[in-house]
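Spelled out, the chains give:
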Amino acid sequence: MKPNIKDLSFSELSAFLIERKHPAYRAKQICQWLFKKRAVAFSAMTNLSQGLRDELAKDFSIGRLSILRRAESRDGTVKFLFGLADGQSIESVLIPETNRLTLCISTQVGCAYGCAFCATALLGFKRNLTSSEIIDQIIEASRELAAGQRITNIVLMGMGEPLANYANTLRAIEIMTDGGWGLGIAPRRVTLSSVGLIPQIQKLMEETNVSLAISLHAASEAVRGKLMPVNKKYSLQALMDCCRNLPLPRRKRITFEYVLLRGVNDSVADATALCRVLGGVPSKVNLIPFNPHPESEFERPADADVKRFQQVLFDHNIQVNVRRPRGDDIAAACGQLQGQAEGRWGESAAQREAC
Ligand code: SAH
C-alpha cells in the first residue's frame, strides 16, 4: 500500500517536493486539487507537469473512504457509515439548520474514556484515525451535497476523543481551516469537544483558534467521577482551574456540555452547583437531554425538569441552550454513534435491502 498523500502535512509535502527538485509552490497546487477540488486521481491535476503527476502516482495513493450506509432522518439529519481501508467503520452526521450546515466527525474508532452513558464507549478503543481519515469524512460528505450546498461548520464530536489523537487531529484542523489550499472553514466554525484532557486543552488553545467545548456533565467530583472515569486523572476542580487560565480571545466563550440524566444530575441543586462551578469562566452551556440507546440504563428527564434546570442557569445570567435531539430516529443523536452495531440505522430491513 502506497502512503496516502493526504496524510502529509503541508510542510511535509513541500519538503518532499524540494527534495525532488520541484518548486515548493507545487505543494499549494497539489493541496488545492486534493482538498478544494476533491481530486481522486493525480492524472486530474492538469496544472502539474506530466512528470510530476507520474512521480506522485508512483509514490502515493489518494485514499478514499467508502460509504457503507447512509440514513436520512425525518428532520433532515443524515448519518453516514464510512468504511476504512482496514475494514473498521466510523460514523459522521450532517446536520442542516437554518443558516448553517454542520458536519459532526469522528477522530477515533471507538473510544477509551468509558463515559457511563455513551454508546461509543461500549466499543472500547480500537485505533486513532489518520489525519486523512478525519478530513475525508468532510470531503466524502461534501460530494453528497446538492449543488450550491456547502458545509459551513465542523464539530469534532463524533466517535472518539479528539485530544487523545492530538497530532492527527491538529493536521486535520490545519487542512480544514487553511483558506489558500485547504477547506477554508473559519477556525471559530470548527468546534472541538473533549472529555477534559488538561495538558492537551492548553496546547490546543495555544496552537489553534478553534472553538472549545468541554464535556462537564456534573457539578461535583463525586457525580462526575461516577459518570466519567477521566475525572480520576483530571478532576473537575483542576479542569475548571485550567479553564479560568486559558488564553481566550476577548468575548470568546468555552462551551460546556452537560448531558441531563434523570435522577442523576438534573436537580435544582445540581443546576445551582453548576452555576457555582462555572464562576469566573466565560462560558455557555449546552444541555443535552440524554439520548437513549439500547445498551443503557440511564433515562432522559421529563421536559419540565429540563426547563427547570435551564431556568436556574438563566437566573444566574449564564448563556444556556438545550440541544434538540437531531436524527434520533436514525440513532444519529449525540452519543449514539456506534459504528459497527447492526440494526441501529433507523431503517426497516426492507429499506436496508434496497440500499
Ligand atoms: N470525546 C469527546 C467528543 C465526543 S462525544 C467528548 O467527550 O466531548 C460528544 C458529546 O456527546 C459529549 O459531550 C458526550 O458526553 C455527549 N454524549 C455522549 N453520549 C450521549 C448520550 N447518550 N446522550 C447525550 N449526549 C451524549
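Refer to the structure printed above.
The structure contained in this document is the topic of the report that follows.

Scoring rules and cut-offs
- Residues numbered from 1 in each chain as written.
- Predicted model: local features only at pLDDT ≥ 70, side-chain atom pairs only at ≥ 80, totals over all residues.
- Heavy atoms only, no water.
- Helix = DSSP H or I, 4+ residues; strand = E, 2+ residues; numbered from the N terminus.
- Rg over C-alpha atoms; globule rule 2.2 N^0.38 Å.
- Buried < 20%, exposed > 50% of the residue type's maximum accessible area, 1.4 Å probe, protein only.
- Contact = heavy atoms within 4.5 Å.
- Areas by Shrake-Rupley, 256 points an atom, 1.4 Å probe, with all protein chains shown as cover.
- Lys, Arg positive; Asp, Glu negative; His and termini not counted.
- Charge placed at Lys NZ, Arg CZ, Asp CG, Glu CD.
- Phe/Tyr/Trp six-rings, centres within 6.5 Å; stacked < 30°, edge-to-face > 60°.
- Lys NZ or Arg CZ within 6 Å of the ring centre and 35° of its normal.
- Pairing = 2+ DSSP bridges.
- Axes fitted to C-alpha atoms, helices over the stretch in contact; angles between N-to-C directions.
- Parallel < 35°, antiparallel > 145°, perpendicular 65-115°, else oblique.
- Left-handed = near helix turned anticlockwise from the far one by under 90°.
- Nonpolar A, V, L, I, M, F, W, Y, C, P; charged D, E, K, R; others polar.
- Right-handed = clockwise from strand over helix to strand, strands pointing away.

**A look at the overall build of the protein chain**
Across its full length, the protein chain carries 11 helices and 12 strands. Rg of the C-alpha trace for the protein chain: 21 Å, near the compact-globule value of 20 Å for 355 residues, within the 12% margin. For the protein chain, with 355 residues in total, the buried portion stands at 53%. Contacts in the protein chain between residues far apart in sequence, at least 24 positions, make up 65% of those at least 6 positions apart. When the accessible surface of the protein chain is totalled, it reaches about 15,800 Å², and 50% of it is carbon and sulfur. Charge-centre separation for the protein chain: the mean point of 45 positive side chains lies 5 Å from the mean point of 36 negative side chains.

**Some thoughts on the packing of aromatic side chains**
Scanning the model with the defined rule gives six aromatic pairs in all. For the ring pair phenylalanine 290 and phenylalanine 298, a centre distance of 6.1 Å and an interplane angle of 70° mean the geometry is edge-to-face. Among the residues examined, phenylalanine 298 registers a relative accessible area of 22% and is labelled partly exposed. Residue placement shows lysine 37 over the ring face of tryptophan 33; its charged tip is 3.8 Å from the ring centre.

**Considering the sheet that holds strand β4 (residues 101–104)**
If you trace the 10 strands from one edge of the open sheet to the other, you get β1-β2-β3-β4-β7-β8-β9-β10-β11-β12, paired in mixed fashion. The open sheet has two edge strands with one neighbour each: β1 (66–72) and β12 (319–322). Within the sheet, the average angular offset between the axes of one strand and its neighbour, ignoring direction, is 20°. Lying over the sheet, helix α10 (residues 303–315) contacts β10 (254–260), β11 (283–289) and β12, oriented at roughly 165° with respect to β12.

**Structural notes on the packing of helix α5 (residues 166–177) against helix α6 (residues 198–207)**
The N-to-C vectors of α5 and α6 enclose an angle of 20°; their axes lie 12 Å apart at closest approach. Taken together, the axes of α5 and α6 are roughly parallel relative to one another. You can see that α5 and α6 cross each other, and the crossing is right-handed. For the pair α5 and α6, the contacting residues are Tyr166, Leu170 and Ile173 in the first and Gln200, Lys203, Leu204 and Glu207 in the second. Broken down by class, the residue content of the contact of α5 with α6 amounts to four nonpolar, one polar and two charged.

**Some points on the pairing of β10**
Of all seven residues in β10, seven are buried; the element is thus mostly enclosed. Of the two faces of β10, both are covered, the one formed by Ile254, Phe256, Tyr258 and Leu260 as well as the one formed by Thr255, Glu257 and Val259. With three bridges joining them, strand β9 (residues 211–215) and β10 adopt parallel strand pairing. In the sheet register, alanine 213 faces β10, and the bridge partner there is threonine 255. Strand direction decides the pairing type here: β10 and β11, joined by seven bridges, are parallel. Each residue of the ladder has a partner; that of leucine 260, found in β11, is proline 289. The handedness of the β10 to β11 crossover, carried by helix α9 (residues 268–277), is right-handed.

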